[in-house]
Amino acid sequence: MLPNKRPDDMVRITTPELAQAFIDEQVAAVREQVGDKKVLLALSGGVDSSVVAALLIKAIGKQLVSVHVNHGLMRKGESEQVIEVFRNQLDANLIYVDATDRFLDLLAGVSEPEKKRKIIGGEFIKVFDEESAKLEGISFLAQGTIYPDILESDGVKAHHNVGGLPEDMEMELVEPVRLLYKDEVRVVGEALGLPHNMVYRQPFPGPGLGVRCLGAITRDRLHALREADAILRDEFDKCGLAATVWQYFIAVPDFKSVGVKDGKRYEGWPAIIRAVNTKDAMTATIEEIPYDVLHRITDRITHEVDGINRVLLDLTPKPIGTIEWE
Ligand code: XMP
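Residues numbered from 1 in each chain as written. Predicted model: local features only at pLDDT ≥ 70, side-chain atom pairs only at ≥ 80, totals over all residues. Heavy atoms only, no water.

**A few points about the pattern of salt bridges**
At step 1: Tallied over the full model, the rule gives 26 salt bridges.
At step 2: The shortest N-O distance in the salt bridge between Glu130 and Arg102 comes to 2.8 Å. On the criterion of sequence distance, the pair formed by Glu130 in helix H5 (residues 113-133) and Arg102 in helix H4 (residues 100-107) is long-range, its members being 28 residues apart.
At step 3: Of the charged contacts in the structure, one is a salt bridge between Arg300 and Glu304, with a shortest N-O distance of 2.9 Å. A residue pair is termed a helical-turn pair when its members lie 3 or 4 positions apart in one helix, as Arg300 and Glu304 do in helix H11 (residues 291-304) at four residues.
At step 4: Take Glu304: its relative accessible area is 47%, and that puts it in the partly exposed class.
At step 5: Salt bridges here are not isolated pairs; linked through shared partners, they connect Asp234, Glu235, Lys238, Arg296, Arg300 and Glu304. (Salt bridge = Lys/Arg side-chain N within 4 Å of Asp/Glu carboxyl O. Helix = DSSP H or I, 4+ residues; strand = E, 2+ residues; numbered from the N terminus. Buried < 20%, exposed > 50% of the residue type's maximum accessible area, 1.4 Å probe, protein only.)

**Overview of the site of the ligand**
At step 1: In the neighbourhood of the ligand, 12 residues make up the surrounding shell, with Arg117, Gln247, Lys318, Ile323 and Glu324 lying closest.
At step 2: At 2.9 Å from an oxygen atom of the ligand is found a main-chain nitrogen or oxygen belonging to Gly206.
At step 3: Grouping the amino acids of the shell around the ligand by side-chain chemistry returns five nonpolar, four polar and three charged. (Near = heavy atom within 4 Å. Polar contact = N/O pair within 3.5 Å; in protein donor to acceptor, adjacent residues only side chain to side chain. Nonpolar A, V, L, I, M, F, W, Y, C, P; charged D, E, K, R; others polar.)

**Let's talk about the sheet that holds strand E2 (residues 64-70)**
At step 1: Spatial strand order, E3-E2-E1-E4-E5: five strands in an open sheet with parallel pairing. At either end of the open sheet lies a strand with only one pairing partner, and these are strand E3 (93-98) and strand E5 (172-174). Strand-to-strand twist in this sheet, taken as the mean axis angle between neighbours without regard to direction, amounts to 30°.
At step 2: Contacts between helix H3 (residues 78-89) and the sheet are confined to E2 and E3, with E3 contributing the most and set at about 165° to the helix. (Pairing = 2+ DSSP bridges. Axes fitted to C-alpha atoms, helices over the stretch in contact; angles between N-to-C directions. Contact = heavy atoms within 4.5 Å.)

**Describing the packing of helix H2 (residues 47-60) against helix H8 (residues 182-191)**
At step 1: Their axes nearest at 10 Å, the elements H2 and H8 cross at an angle of 40°. In terms of their interaxial angle, H2 and H8 are classed as oblique. The way H2 lies across H8 gives a crossing that is left-handed. Of the residues in H8, those touching H2 at Val47, Asp48 and Val51 are Lys182, Val185, Arg186, Val188 and Gly189.
At step 2: Here the residues of the contact of H2 with H8 sort into four nonpolar, one polar and three charged. (Parallel < 35°, antiparallel > 145°, perpendicular 65-115°, else oblique. Left-handed = near helix turned anticlockwise from the far one by under 90°.)

**A few points about the side chain of Thr278**
At step 1: Structurally, the position occupied by Thr278 is in the loop between strand E9 (269-277) and strand E10 (285-286).
At step 2: Within the structure, Thr278 has its side chain in polar contact with the backbone nitrogen of Asp280 (distance 3.3 Å).
At step 3: Engagement of the side chain of Thr278 in a polar contact is seen with the backbone oxygen of Thr283, the distance being 2.5 Å.
At step 4: The contact partners of Thr278, leaving out residues within four places of it in the chain, are Trp246, Thr283, Ala284 and Ile323.

So yeah, pure geometry; function would need other evidence.
Here it is, written out as structure tokens:
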């Protein structure tokens, strides 16, 4: 087990060489800790759990059992990328659970944001629990805990952490990146060969699109949100904003306005663009998006996404607006 405090003389991992040294050291440590036993990991596809998975695959190969639960609230292409990278490229022992229907059925008609979060968090644990109960001979639980999680253990992530696992799981923990800062985890991830867009991906809340499909989630509006969000990300990639904006996404509220399409009345939802910069997510400023980019995004979303007939821009810093809408 690694200590709880980062040693004062621990060098910040900023280069591929330093990352490689860290990887070699942790591969040896994990092999020593785990022996020939099996390790379980909840693989969300986020930076931390992905880097832990890649590191453990390197150390113990198929002794790592990764479980990816798709709660149906992932962004477009995310679960597919987890399968492609881990199962197809890294030959991981990956269990993929498409639990979309379970989550969306439970969430039907629920409009209160905290209730939605609770349902998503609770169901996640249930699904993960059920999957792990089917497995035999698991002795360790791997987690993507990073140093800020330890420093802020009563802070944001603790109460936000939807990937939180059942407390009664009696397994020894394997936490190879627990002394690293986020930027170091990314350098290590790249050294492990993970795709750049996975390692540098923007923060994404555990409840996923669930807190951006505002009010009671419906499948058609969730679909529209996912498609509009994919267009926003694509356009931000193309114009370079993806590299400078900390977090950007679409939220879709549960009301419609009147529009006109092909000469006919067309009622649709608005897509709200939110793009913010921040250091610690406690406060956030608004990123300027050039008007030509905004026009292109608007044109694409209103033409390509069924059900959306307007595009709006959220100009509210935090405070007073939180980053997410719910
Ligand atoms: P807010 O909306 O509180 O968001 O300004 C601050 C940061 O936290 C993320 N966030 C969450 N992350 N589960 C998470 O894992 C959540 O329920 C959650 N809510 C907000 C948000 O995306 C932003 O980066």
